[in-house]
Amino acid sequence: MSERGPLDDRIDFHPRLVERTVWAALCGQREMAAFQRGREPAYAKTDPDERDAAFTRVNSDWFLRLALDAPVRQAFSEQAAALSALLRVLFVPVDREADQGAELYVASAQERSVVVSVRPEVLAVPARALDFLRRELMHIADMLDPAFEYEPALPPQPAGPTLDRLLQDRYRVIWDCSVDGRLARRGVCAADTRERRGREFAAAFGFLGEKTGEAFARVFDGPRPRHPEFVVMATDPAGGFGVGPGSARRPGRCPLCGCPTFDFEPAPAALPAAALTAIRAEFPSWWPEQGLCPQCADLYRARAMSDQEAASLPGATPAHRADGQ
């Protein structure tokens, strides 16, 4: 164990998260009236600092009374050894599901902290909170493990930002599948976890054809790969997963992202004009006859749609500056 003492002592909750979580937990409950009565004396205080402190005390008391910290304590206790080196863990509120997650901050080998961003509505429901935290903390445990060989940035791709985004998406899917596979073997995942992760994996790596299931099983059912192995799986799926092409399919490489693919966009020339223009802007020597993989086609198709929507807004300015920002 770390000489810093129990990890519980290093977990802090932002006052705003505590307040909003209590409100979410008590919404529609009989205890809400008692909670509101307990806050009434705080409104009478004229000094802003004293008033804030009074509200914080009431909110914190109810946070503990409702055991809203219990899922946090449990999730951290399950990873106590792996997370023992953390200096501090801070929980902060966010409004959007997409903004939820745990971020590791490293000032030095001795100063490593985690900020967990979570919606109050999630923290207010113990089962949802525990499910969310188990996944996020296993990611952090991987990052802290020297054997994982984690690097915060993926290697830049010669083909440019389009492939960088594709690589990040693939890496995320692989890592999430590995995390959920390990949690499933511990018996702490929902019954449909494998099915849901399998669909997500197939959406990202379906070009592996009949080998997609084999590749997914290697990640979900097998031992945790290291970060460098994840990178290889994302950049060269057929080789990284140790699977070959299907018996009736021949691999090729997308001329844009350079990734191996067993499928190509069926009608490149039929892509929206804005998508074709964007591709030619980044790849001047490319022509539709050369083809492109479905992933690149989807990326440019989505970008074209976003640009058209932005252009329709009052006072809209061009979405892309000449310097690419």
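Computed from a predicted structure; not experimentally measured. (Residues numbered from 1 in each chain as written. Predicted model: local features only at pLDDT ≥ 70, side-chain atom pairs only at ≥ 80, totals over all residues. Heavy atoms only, no water.)

### Concerning the confidence of the model for the chain
- Mean pLDDT over the chain stands at 86; residues scoring 70 or higher make up 86%.
- Overall, residues 245-250 carries pLDDT values under 50, and its contacts beyond four positions in sequence, including any with other chains, amount to 14 contacts.
- With pLDDT under 50 throughout, residues 313-325 is counted as low confidence; its partners more than four residues away or in other chains account for seven contacts. (pLDDT = per-residue confidence, 0-100. Contact = heavy atoms within 4.5 Å.)

### Side note on the environment of Leu166
- Position of Leu166 relative to the elements: it lies in helix α8 (residues 161-185).
- Residue Leu166 is classed as buried on the basis of its relative accessible area of 7%.
- In sequence terms Leu166 and Gln295 are 129 residues apart; their C-alpha atoms lie 7.6 Å from each other.
- Apart from residues lying up to four places away in sequence, Leu166 is in contact with Cys257, Gln295 and Leu299. (Helix = DSSP H or I, 4+ residues; strand = E, 2+ residues; numbered from the N terminus. Buried < 20%, exposed > 50% of the residue type's maximum accessible area, 1.4 Å probe, protein only.)

### Quick notes on the pairing of strand β2 (residues 88-93)
- Pairing analysis gives three bridges linking strand β1 (residues 11-13) to β2, with the strands arranged parallel. Paired with Asp12 across the strands is Leu90, a residue of β2.
- As paired elements, β2 and strand β4 (residues 111-118) share six bridges and run parallel to each other. Residue pairing across strands places Val92 opposite Ser117, the latter belonging to β4. (Pairing = 2+ DSSP bridges.)

### Some thoughts on unusual backbone geometry
- Notably, Ala67 is not glycine yet its phi reads approximately 55°, a positive angle.
- Examined against the element boundaries, Ala67 turns out to sit in the loop between α3 (48-65) and α4 (70-78).
- Non-glycine residue Glu149 carries a positive phi angle of around 60°.
- Positionally, Glu149 belongs in the loop between α7 (126-144) and α8.

### Re the packing of helix α1 (residues 15-26) against α3
- Remark: α1 packs on α3, axes separated minimally by 9 Å, with the N-to-C direction vectors making an angle of 55°. By the angle between their directions, the pair α1 and α3 is classed as oblique. Crossing geometry of α1 relative to α3 is assigned as left-handed. Between α1, through Pro15, Val18, Glu19, Thr21, Val22 and Leu26, and α3, the contact on the second element is made entirely by Thr56, Asn59, Ser60, Trp62 and Phe63. (Axes fitted to C-alpha atoms, helices over the stretch in contact; angles between N-to-C directions. Parallel < 35°, antiparallel > 145°, perpendicular 65-115°, else oblique. Left-handed = near helix turned anticlockwise from the far one by under 90°.)

### Concerning the packing of aromatic side chains
- Tallying each qualifying case throughout the model produces 17 aromatic pairs.
- Arranged with centres 4.8 Å apart and planes meeting at 80°, the rings of Tyr43 and Phe55 form a pair that is edge-to-face. Of the two residues, Tyr43 sits in helix α2 (residues 32-43) while Phe55 sits in helix α3, which places them twelve residues apart along the sequence.
- Residue Tyr43 is classed as exposed on the basis of its relative accessible area, which comes to 54%. (Phe/Tyr/Trp six-rings, centres within 6.5 Å; stacked < 30°, edge-to-face > 60°.)

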